[in-house]
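Letter by letter, the chains look like this.
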2 protein chains.
Amino acid sequence: MIQDRIKGENLRKKLATAEDASHLIKDGMIIGTSGFTPSGYPKEVPLALAKRVEESNENLSITLITGASVGDELDGELSKRNIIKKRLPYQTNNYCRDSINNGYIDFVDLHLSHLPQYINCGFLGKIDLAIVEAIEISEEGYIVPSTSVGITPAIVRQAEKIIVEINTSQPMDLIGIHDIYEVKNPPYREPIPIIKASDRIGHKYIPIDVNKVEAIVVTDKKDNVRPFNPINENHIKMANYLIEFLKHEIKVGRLPKKLFPLQAGVGSVANAVLQGFKNSNFENLDFYTEVIQDSILDLIDVGKVNIVSGTSVTLSPEGLEKFYKNLKLYNEKIILRPQEISNNPEVIRRLGVIALNTAVEVDIFGNVNSTHILGRNMVNGIGGSGDFARNSYLSVFFTESTAKNGKISTVVPFASHVDHTEHDVDVIITEEGIADLRGLSPKERALSIINNCSNSYFRPLLMDYYKTATKAYKSHTPHLLKEAFYFHEILDKHGSMRIN
Amino acid sequence: MIQDRIKGENLRKKLATAEDASHLIKDGMIIGTSGFTPSGYPKEVPLALAKRVEESNENLSITLITGASVGDELDGELSKRNIIKKRLPYQTNNYCRDSINNGYIDFVDLHLSHLPQYINCGFLGKIDLAIVEAIEISEEGYIVPSTSVGITPAIVRQAEKIIVEINTSQPMDLIGIHDIYEVKNPPYREPIPIIKASDRIGHKYIPIDVNKVEAIVVTDKKDNVRPFNPINENHIKMANYLIEFLKHEIKVGRLPKKLFPLQAGVGSVANAVLQGFKNSNFENLDFYTEVIQDSILDLIDVGKVNIVSGTSVTLSPEGLEKFYKNLKLYNEKIILRPQEISNNPEVIRRLGVIALNTAVEVDIFGNVNSTHILGRNMVNGIGGSGDFARNSYLSVFFTESTAKNGKISTVVPFASHVDHTEHDVDVIITEEGIADLRGLSPKERALSIINNCSNSYFRPLLMDYYKTATKAYKSHTPHLLKEAFYFHEILDKHGSMRIN
C-alpha cells in the first residue's frame, strides 16, 4: 500500500515519525508549507511540533509562509504556543487572528499572486524548510499534491530541506486533477499559454529534488474543513441582483450569453451568491477562480458547469464527502493550478474574468475594505481579491448592508482601511440593491451607493454626511475629514453605529 | 506636399476648415480624442469649437475622453467655456482642474490601461465622434499617429464619425516609431507576444474605416508642451537613494546587472530621478513605460539606453526641438504603442518592470495617495501609476518629505485618499531616506517609514501618533481614527501642518 504512495526504496528509508521530523524545525527558521484555505496543508508535523514545544517549554519561533489559510493543526496549534513570530500571506484561524491583533504575530498581508514571485526572487529571504502534503512521492523526482496546489511548487524549489507528509486520507484518484506550470523569473518569462479556462498547460505532478527530502511522514488526518454559514434571505437577494445585472449586460451586448469565466471569493457570502446560478438560465459556465467551494460542486451536479480552474478545493465536511465519492466526475471538471497561475493578472485580464468578492465595508465613493475592523484589527487578509478585482473585466463586491444584527453599517463615509480603491470597483451589491459605478464620477458614485446599497436606517445619516460635505467645500470628492470616521467612532464608543 | 500626407483624391475632398468641422460636434455627444500628456492631441478643431461657442453663446456640453492629459487648446479652452460636462480619464490643465474641483465637470479617474477595454466593450456608451491628430492618412485605410498613440486605435474603431487633424508640424520621419497591436475583446484574446521591451509586434499605422472620416483639417500647431521644474537638491538625493538601492538588489541577486525594464511616471520628480542614471554605472537600460520625458532622451544621448517602449513622447519645449532634430536616432530607440499595450498588466508582470511613481502623500503604513489634496480636491488623476505599481516586480514611490515650503508633511498618519494600497507599495523614497517595505508587517512598516522617510520637524509628531495608537489598542494596524486626519485638519484650518 505505502509502496504505491512512496515510490522507491531510498525514499522509504526516509520514513519518520512526526515527532522526529519536527526536530528539523529550529528556532528562527523561515518555513513554507503547502495548504490553501484550508486544504492540503501538513497536519502531523505541526501537531508534533506543538506537542514538543508544549512539553519542552523551549523557545522556538518561526516565520510561517503558506499559500493561504491552513487548518487549526498548523495556525491554531502553533499560535497557541507562540511558535509563529511572523506570518504571511493570509489566515482565517481564531487563535492566529487574536495573536495578530494582540501584537504577538507580525502579519504581512500580501496579494496571493505576488507571494510565489516574492519567494522565487528572494524577497522574503531563504526558505529553510518546506513542509508539504502529498498523495504520492517518487524517486523519479516528483510529488503529487492533494486538495490544493498553492505555493508548493515554489517552496519545494526554493527550500533548503523538505518534509513530505503523505496523506492517505487523500485518494489516489486526485491524480490528474492538477496542472503544474511554473512561471520563470524575469527576464526569462514567456506568455502563459492559457486562452480558455479549460486549457491544461503543465504536468500532473510537482518536480522535486528528492535529495532535499529529509523526512517522509505518513498520516490519514483529513483536511480540517469548516461548514459554511447557512444561506439567508439577504444572500438570495444579492444573488438575484447579480443574476439580473448579468442578464442586462448580455442584453446590451457587454457580455456573451455564456458569460466570461467567473471568480468567487472565499467564504459563505460568495458560496451563497454562486448558489443563485443554480436556478438561473445560465449554462456551460466557466470558472477561473481561486477556491472551489460547495456551491461550485452543486453547479457541476446540475450540469451547469463546463470547467472549473482554481488552486484549491475548499469544501464543507459534507461537501468533502461528496467530492471524494464522485471524484472521477469532478476530476474531469476541475483543474488545480499553482496560485501564481490561478491568480495571475495576465490570465485574469486575458480571459475577461468576472470577479465576485466580499467586502467588510465600502465607502460612499466605492473604496472597499476587505481586511480590517475599525481600521486596526485584521480579519483574514486580502487573499486573492486584489489579484482578481484589479485585473478583471468586471469587479463586483458583495456585502450585506449591515453587520452584527444591524448595529454596524457596512456602507460608511470613509473606509477605515482601503484594500481596493475606487479605481478597482465596478459594481457594489447589498441586499438593498446594486450600484453600477462604471463611468461615474465620485459624486455620482456616492449618490448611487447611498441610494441603492445602504441600509434604510443609516441612509439618511450617510446622505447627511454627503450633503454637508458638498455644502462645506466645492470639491471633486466631497469629504469632511473631521467627521469622516464618525460612524466608526460611535461604534468604538457604544459597540454600535446606531446612536438612538 | 499635402498629397504626401492625405493620400487619395477622395480623402482630399474631405478637407475642411476647423470651423466647419467643429459643427460636427453637437450637444450631449461623447467625444474621444487622440492625445497623451500632452502630445499628439487635436488642436485646431477644439479651438474652433471654443471660438464658435464663445460667439454663439449656445449651450453645448460634451463628455470628453482622451488617452491621458491633453493641451490647453482642448482641456483649457473647452473648460473655460463650460463645454466639458464629463471628463475622463486624466488631466493636468489648470482650468480643467478648477472646473472639476468647483463641481462643473464630473471627472472619472480611471486606470489608463482600463480605458481602451471600457471603450471597446461599451462600458462608456457609444463614442459619437473621434477627433484624432495624424501625420498621414491613406485611402487604403490607415492613419499614422504623431507623438502619442494612447487610445486612438480604440476610438477610431468605435466612433461613429471621425475628424482627422493632419498636423504638418509633426515630421514624416515619425513613421516607423509606432507599433500598433490591438488586443481583441474576450473571449478571443490571445497572449500579447512581447517578451522583451524591444519586441515590435504590430503595424506602423492604425487601421481606420475611411468612410467614417467626415472631415480632414490641416494644421501646423505644435504640441503645447510644458517645461519641467528645475532639478533640486532633494531630487538628486532621491535619485541617489534609488541608485544605491538598485545596486544593493543586484549585489544580493534580486536584480540582474542591467536591471529589468524601468517605468517612470509623469512629471518633474520622475524626470529628475531618471537623470540620476546618467552618472551611474548602469548600461544598456530598457524602459517599458508610458511617457517618454526629457531625461530619457538625455540617457539615449549618453548611450545608456537599449530601448524605450512607451505610448507618448512628452517633452519640454527644448526637448521637443532636440527630438525633432535627431529624430532618426531616436526613432531607432523608441517604440510608441497603444496605451492598452504600454500599460498592460500582462506585459508589465511578465517583464518584471521596476515601477517608479510619484506620491502626493503616503501614510505611515505605506498607503499612497497620488490624486487628492485634503481628500477632496483632484490634482491630475491616477494615470498609469496603478497599472504599473500593481503588476510590477518592484513598486517604488517618490515624494519629497514636505510640500509647500515645508508647511505640509507628505508623510501622514492616514492617507486622505488611497490610490495604491499597502499591498502595492514596496519601497518609499524621500530626500530623507528610503523605506524598503517588502515582507514587513504594518508596525514594522510604520517604524521604517517614520524613521527613514519623514521630515525631521514632523517625525516626532508622527511617532507620537503611532505610539499613542499602539498604547491605546492592541491591534494589527495601530490607528486612532479620531485623530487619523489630525494633520489634515490643522492644514485645513491654518494653511499649514506646522502648528507653532
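Here the structure is a predicted model, which is why all the values come from computation and not from measurement. (Residues numbered from 1 in each chain as written. Chains lettered and ligands numbered in written order. Predicted model: local features only at pLDDT ≥ 70, side-chain atom pairs only at ≥ 80, totals over all residues. Heavy atoms only, no water.)

On to the packing of helix H11 (residues 294-301) of chain A against helix H12 (residues 317-325) of chain A, then. All names here are of chain A. Running from N to C, H11 and H12 cross one another at 40 degrees; their axes reach a closest spacing of 10 Å. Viewed along their axes, H11 and H12 adopt a mutual orientation that is oblique. In terms of crossing hand, the pair formed by H11 and H12 is left-handed. Taken together, the residues of H12 that come into contact with H11 (itself represented by Asp294, Leu297, Asp298 and Asp301) are Gly319, Lys322 and Phe323. For the contact of H11 with H12, a count of residues per class yields two nonpolar, one polar and four charged. (Axes fitted to C-alpha atoms, helices over the stretch in contact; angles between N-to-C directions. Helix = DSSP H or I, 4+ residues; strand = E, 2+ residues; numbered from the N terminus. Parallel < 35°, antiparallel > 145°, perpendicular 65-115°, else oblique. Left-handed = near helix turned anticlockwise from the far one by under 90°. Contact = heavy atoms within 4.5 Å. Nonpolar A, V, L, I, M, F, W, Y, C, P; charged D, E, K, R; others polar.)

Between chain A and chain B, which share one sequence, the superposing operator has a rotation angle of 180 degrees and an axial displacement of 0.0 Å; the RMSD is 0.0 Å. As the rotation angle and translation indicate, the two copies are arranged about a two-fold axis. Among all residues of chain A, the one whose C-alpha sits closest to the rotation axis is glutamate 346 of chain A, at a distance of 2.0 Å. A symmetric contact is evident, with 100% of the interface residues of chain A recurring at the interface of chain B. (Least-squares fit on C-alpha atoms with pLDDT ≥ 70 in both.)

Moving on to the interface of chain A and chain B. Contact residues are listed per partner, giving 82 residues for chain A and 82 residues for chain B. Of the roughly 7200 Å² buried where chain A meets chain B, counting both sides, 52% is carbon and sulfur surface. Among the residues of chain A in contact with chain B, Arg349, Arg390 and His423 of chain A are the three that bury the most area, contributing 12% of the side total. We note a salt bridge from lysine 482 of chain A to glutamate 489 of chain B, for which the minimum N-O separation is 3.7 Å. Classifying every residue of the side of chain A that touches chain B gives 29 nonpolar, 29 polar and 24 charged. (Buried area = accessible area lost by both parts, 1.4 Å probe. Salt bridge = Lys/Arg side-chain N within 4 Å of Asp/Glu carboxyl O.)

Moving on, we get to the confidence of the model for chain A. Taken over all residues, the pLDDT of chain A has a mean of 97, while the share at 70 or more is 100%. ipTM for the predicted complex: 0.97, alongside a pTM of 0.98. (pLDDT = per-residue confidence, 0-100.)

Residue and element names in this part refer to chain A. With respect to topology, four strands assemble into an open sheet ordered S1-S7-S8-S10, the strand pairing being mixed. Single-partner strands in this sheet number two, and they are strand S1 (6-7) and strand S10 (206-207). Taken together, the two bridges between S1 and strand S7 (residues 136-138) define a ladder with parallel strand orientation. What sits directly across from lysine 7, in S7, is serine 138. (Pairing = 2+ DSSP bridges.)

Bringing the packing of aromatic side chains into the picture now. Applying the stated criterion across every chain yields a total of 24 aromatic pairs over all chains. Both rings, one in tyrosine 118 of chain A and one in phenylalanine 123 of chain A, keep their centres 5.1 Å apart while their planes meet at 65 degrees; by these two values the pair is edge-to-face. When sorted by exposure, tyrosine 118 of chain A lands in the same class as phenylalanine 123 of chain A, which is buried. Ring geometry for phenylalanine 485 of chain A and phenylalanine 485 of chain B: centres 5.2 Å apart, planes at 10 degrees, overall stacked. In this pair, phenylalanine 485 of chain A is assigned in the loop between helix H18 (459-472) and helix H19 (486-494) and phenylalanine 485 of chain B in the loop between helix H18 (459-472) and helix H19 (486-494), connecting two distinct chains. The buried category is assigned to phenylalanine 485 of chain B, whose relative accessible area is 1%. Here the aromatic residues Tyr118 and Phe123 of chain A together with Phe260 and Tyr393 of chain B are joined through ring pairs into a cluster of three or more. Residue placement shows arginine 498 of chain A over the ring face of tyrosine 457 of chain A; its charged tip is 4.1 Å from the ring centre. (Phe/Tyr/Trp six-rings, centres within 6.5 Å; stacked < 30°, edge-to-face > 60°. Buried < 20%, exposed > 50% of the residue type's maximum accessible area, 1.4 Å probe, protein only. Lys NZ or Arg CZ within 6 Å of the ring centre and 35° of its normal.)

Right, let's talk about the packing of helix H10 (residues 268-275) of chain B against helix H11 (residues 294-301) of chain B for a bit. All names here are of chain B. Two elements in contact, H10 and H11, have axes whose closest approach is 8 Å; the angle formed by their N-to-C orientations is 15 degrees. On the basis of the axis angle, H10 is roughly parallel to H11. You can see that H10 and H11 cross each other, and the crossing is left-handed. Facing Asn271, Leu274 and Gln275 of H10, the residues of H11 in contact are Asp294, Ser295, Ile296, Asp298 and Leu299. For the contact of H10 with H11, the residue count by class is three nonpolar, three polar and two charged.

Moving on to the domain arrangement of chain A. Note on interface size: it is often stated as the accessible area lost on association of the parts. All names here are of chain A. For chain A, the domain assignment lists domain 1 (2-219) and domain 2 (233-491). Computed from C-alpha atoms alone, the centre-to-centre distance between domain 1 and domain 2 is 29 Å. Where domain 1 abuts domain 2, roughly 3700 Å² becomes buried across the two surfaces, and 56% of that area is made up of carbon and sulfur atoms. Counting the contacts that link domain 1 with domain 2 gives one salt bridge. With a closest N to O distance of 3.2 Å, arginine 337 and aspartate 179 form a salt bridge. (Domains from an automatic or database assignment.)

For the bond from proline 186 of chain A to proline 187 of chain A, the omega torsion is 10 degrees, close enough to zero to count as cis. At the junction of leucine 88 of chain B and proline 89 of chain B, the peptide bond is cis and its omega measures out at 5 degrees in the coordinates. The residue proline 89 of chain B is located in the loop between strand S4 (84-88) and helix H6 (94-101) in this model. At asparagine 82 of chain B, a residue that is not glycine, the phi angle is positive and equals roughly 55 degrees. Mapped onto the elements, asparagine 82 of chain B comes out in the loop between helix H5 (72-80) and S4.

Before going further, it helps to examine the environment of asparagine 377 of chain A. The residue asparagine 377 of chain A is located in strand S22 (residues 377-378) in this model. By relative accessible area, asparagine 377 of chain A is classed as partly exposed at 22%. Distance in space between the C-alpha atoms of asparagine 377 of chain A and aspartate 98 of chain A is 9.1 Å, their sequence separation being 279 residues. Setting aside its immediate chain neighbours within four residues, asparagine 377 of chain A contacts Asn101, Thr371 and His372 of chain A together with Lys474, Ser475 and His476 of chain B.

Turning to the side chain of threonine 152 of chain A, a few remarks are in order. Residues and elements named next belong to chain A. By the secondary structure assignment, threonine 152 is in helix H8 (residues 152-158). According to the relative accessible area criterion, threonine 152 is buried, its value standing at 0%. Among the polar contacts made by the side chain of threonine 152, one reaches the main-chain carbonyl oxygen of valine 149 at a distance of 3.0 Å. Setting aside chain neighbours within four positions, we find threonine 152 in contact with Ser34, Val132, Ile143 and Ile206. (Polar contact = N/O pair within 3.5 Å; in protein donor to acceptor, adjacent residues only side chain to side chain.)

What follows is about H5 of chain B. For the α-helix, the turn length of 3.6 residues means that residues three or four positions removed from each other point alike. All names here are of chain B. Of all nine residues in H5, seven are buried, a share of seventy percent or more. Listed as buried for H5 are Glu73, Leu74, Asp75, Gly76, Glu77, Leu78 and Ser79. Elements in contact with the buried residues of H5: strand S2 (30-33), helix H4 (44-56), strand S3 (62-65), S4 and H6. A positive backbone phi angle near 55 degrees is found at asparagine 82, which sits one or two residues after H5.

Inspection of every chain in the model, using the stated rule, returns 65 salt bridges over all chains. Between glutamate 432 of chain B and arginine 459 of chain B there is a salt bridge, and its shortest N-O distance comes to 3.3 Å. Note that glutamate 432 of chain B is positioned in the loop between strand S27 (427-430) and strand S28 (433-436) and arginine 459 of chain B in helix H18, a separation of 27 residues in sequence. Classification of arginine 459 of chain B as partly exposed rests on a relative accessible area of 22%. Salt bridges here are not isolated pairs; linked through shared partners, they connect Glu54, Glu77, Lys80 and Arg81 of chain A.

On to the sheet that holds S4 of chain B, then. Residues and elements named next belong to chain B. Spatial strand order, S5-S4-S3-S2-S6-S9-S11: seven strands in an open sheet with parallel pairing. With one partner strand each, in any of the chains shown, strand S5 (106-107) and strand S11 (213-219) form the two edges of the open sheet. Bridge count for S2 against strand S6 (residues 129-134) is three bridges, and the pairing is parallel. Counted as the bridge partner of threonine 33 is isoleucine 131 from S6.

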